[in-house]
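Inside the fold
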Amino acid sequence: MSLEQRVDILVVGAGFAGLAAVAKILAADPAADVTVIERASDVGGTWRDNTYPGCACDVPTSLYSFSFAPSPEWSHTFARQPELFAYLKSVVERLGLQRRIITDCELRSATWDSSISRWSVQTSKGATSARVLVAATGALSTPKIPDVPGIDAFSGTVFHSATWNHEHDLTGERVAVIGTGASAVQFVPEIVDRAQRLTVFQRTPAWVIPRLDRTIGRLERTLYKRIPAAHRAVRGIIYGYREAYVTVLADNPWMLPAVKVFAKANLKRQVKNPATRAALTPDYAPGCKRLLLSNDWLRTLDRPDVDLVTSGLTSVTENGVVDASGRNHEVDTIIFATGFTPTEPPVSHLLRGSDGRTLAERWGGSPQAHLGTTVAGFPNLFLMYGPNTNLGHSSIVYMLESQANYVVSALAEMKARSAVAVEVDESAQRQHNSWVDSALDGTVWNAGGCSSWYLDANGRNSTMWPTYTFRFRNKTREFDVSNYRIVPDTLESDSPESDHEVVSA
Ligand code: N01
């Protein structure tokens, strides 16, 4: 499919975020002119890209799926990546979205043109002009590989967990894994039997609790198929108990020692070697970094064929990885499980607002948006999974649907007011962010005593939503037009020479 030179609403990205946006926009207005561009050759975002062994969702799937497209078919309470990927493709099919999606089309740049109140967009498939831009490019989509001295001289194989090299056979190899986050805990237990020896480089230990996963039997699936209300009730219960986590993580951190006791008992049960156990015991509050769910990660690290290196890595040589003590661990393959770049999203370098600056320049290392979605100086731009919308306790899909509701409400408001552009007031954005900052104060994500990817280059937490998700749902239910500058359509045509009159709502 080719990209038209002029589109109305352009959504960038066809993962959970982009699909939530396009589905909700079309549900509200089936005649809406929406185009989705996707840089890869298929939809699915993170669930298309992350194919490492053991890749699975660590949020119960009944909740980690669209409310408007429930599936009674999940085989496990925590679905595996192939099922999630298949689910997203099935949603596209079910909702007839294929004809809206242009694959292999990468966003190169988008610049707001105030003279015509439109986005001038460059892509790998040519240029287009869009009235509204929805950036759904994901926060955890660009793998981060640390700049380790000597990496280019390594003679073995190197890859990142998010771009797993399936052509490469790890059987009988000595493998180094760098990083011990949510990805590593899933794939390390899966590859340990294949490798001859595993060396895991841990910079900071993580709190780990059991993943209460179970298969969903045929009877239960039939029940969900026949009585969708039963499935909705299960989703509701999971939503409720997940929200209860906020009570501890954000509102009552004094309760966290109880989580610590539970996690320590889990560690003791799985790791017999006291030195390994000590190395795996975090010195910060549980939840400060993402609480990890696994039933086999800790016991894997207790195996005699697994080395846990806690001194960090300093360099890579031709045949190994050097730890802080100077020891070279000889390996055949290095797997980086070092995460992503959520506080420096690459898309922020591609979007240029009304003053000619990029979003990254405007943010200066600390991403900020109004309700995680709109940014002063960037009219008609909606960010999905924007600043301070990430969660430590529940499903991001719920947040994405809330943001999609907000976009839908904004589009309706624009239509009702014959507005060609909406731009959030700087003061409203500032006010929202001051509220976010003060709400985050004292939560485990800010005060838990760790450094995490939730904190940006300036030390600000520009990642986490600070409280219950229903509060975000309430705030994004209706487009808060009074916080926006409205550019009315005073033109007969889209004459580039004419300026628009700007009024406040
Ligand atoms: O990445 P991470 P991830 N030298 O950033 C270490 C989501 N997710 O891919 O803790 C040495 O969590 C770093 O050490 P430290 C989920 O939101 C979801 O595992 O910074 N080590 C850490 O141990 C998750 O939070 C699912 O000291 C270095 C690790 O690398 C997010 O993705 C499943 C280093 C990075 O951990 C990212 O998880 C999987 C360096 N230079 C992931 N740099 C679901 O199921 C970094 N590290 C939904």
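Everything below is about the structure shown above.
All of these numbers come straight from a predicted model, not from anything done at the bench.

1. Considerations on the state of the cysteines
Applying the stated criterion across every chain, the model contains one disulfide. A sulfur-sulfur separation of 2.1 Å characterises the disulfide bridge that pairs Cys288 with Cys450. Here the S-S torsion is close to -90°, and the disulfide linking Cys288 with Cys450 is therefore left-handed. Highlighted residues: Cys288 in the loop between α8 (274-279) and β11 (292-293) and Cys450 in the loop between α13 (444-447) and α14 (469-476), separated in sequence by 162 residues. A single burial state applies to Cys288 and to Cys450, both of which are buried. Its sulfur unpaired, Cys57 is 9.0 Å from the next cysteine sulfur, which belongs to Cys55.

2. So, the site of the ligand
In the vicinity of the ligand there are 24 residues, among which Ala56, Asp58, Ser183, Thr204 and Lys289 approach most closely. Taking Ser183, its side chain carries an N or O atom lying 2.7 Å from an oxygen atom of the ligand. In this structure, Lys289 approaches the ligand through a side-chain N or O atom, which is 2.6 Å from an oxygen atom. Summarising the interface, the protein chains cover 86% of the accessible area of the ligand, which totals 920 Å² for the free molecule. Residues of the shell around the ligand, tallied by class, amount to twelve nonpolar, eight polar and four charged. A domain-level breakdown of the shell around the ligand finds at least three residues from each of domain 1 (6-142 + 341-504) and domain 2 (151-212 + 238-336).

3. Things to note about a positive patch on the surface
Taken together, the side chains of Lys268, Arg269, Lys272 and Arg299 make up a positively charged region of the molecular surface. Relative to the assigned elements, Lys272 resides in the loop between α7 (256-270) and α8.

4. A closer look at the pairing of strand β8 (residues 174-178)
The buried fraction of β8 amounts to four of the five residues, a majority that puts the element mostly inside the structure. Strand direction decides the pairing type here: β8 and strand β9 (residues 197-201), joined by five bridges, are parallel. Looking across to β9, one finds that Val175 is bridged to Leu198. As paired elements, β8 and strand β16 (residues 333-336) share four bridges and run parallel to each other. Each residue of the ladder has a partner; that of Val175, found in β16, is Thr333.

Cut-off values and rules
Residues numbered from 1 in each chain as written. Predicted model: local features only at pLDDT ≥ 70, side-chain atom pairs only at ≥ 80, totals over all residues. Heavy atoms only, no water. Disulfide = S-S within 2.5 Å. Helix = DSSP H or I, 4+ residues; strand = E, 2+ residues; numbered from the N terminus. Buried < 20%, exposed > 50% of the residue type's maximum accessible area, 1.4 Å probe, protein only. Near = heavy atom within 4 Å. Polar contact = N/O pair within 3.5 Å; in protein donor to acceptor, adjacent residues only side chain to side chain. Areas by Shrake-Rupley, 256 points an atom, 1.4 Å probe, with all protein chains shown as cover. Nonpolar A, V, L, I, M, F, W, Y, C, P; charged D, E, K, R; others polar. Domains from an automatic or database assignment. Patch = residues over 30% accessible without salt bridge, like charges linked within 9 Å, V, L, I, M, F, W, Y side chains within 5 Å. Salt bridge = Lys/Arg side-chain N within 4 Å of Asp/Glu carboxyl O. Lys, Arg positive; Asp, Glu negative; His and termini not counted. Charge placed at Lys NZ, Arg CZ, Asp CG, Glu CD. Pairing = 2+ DSSP bridges.

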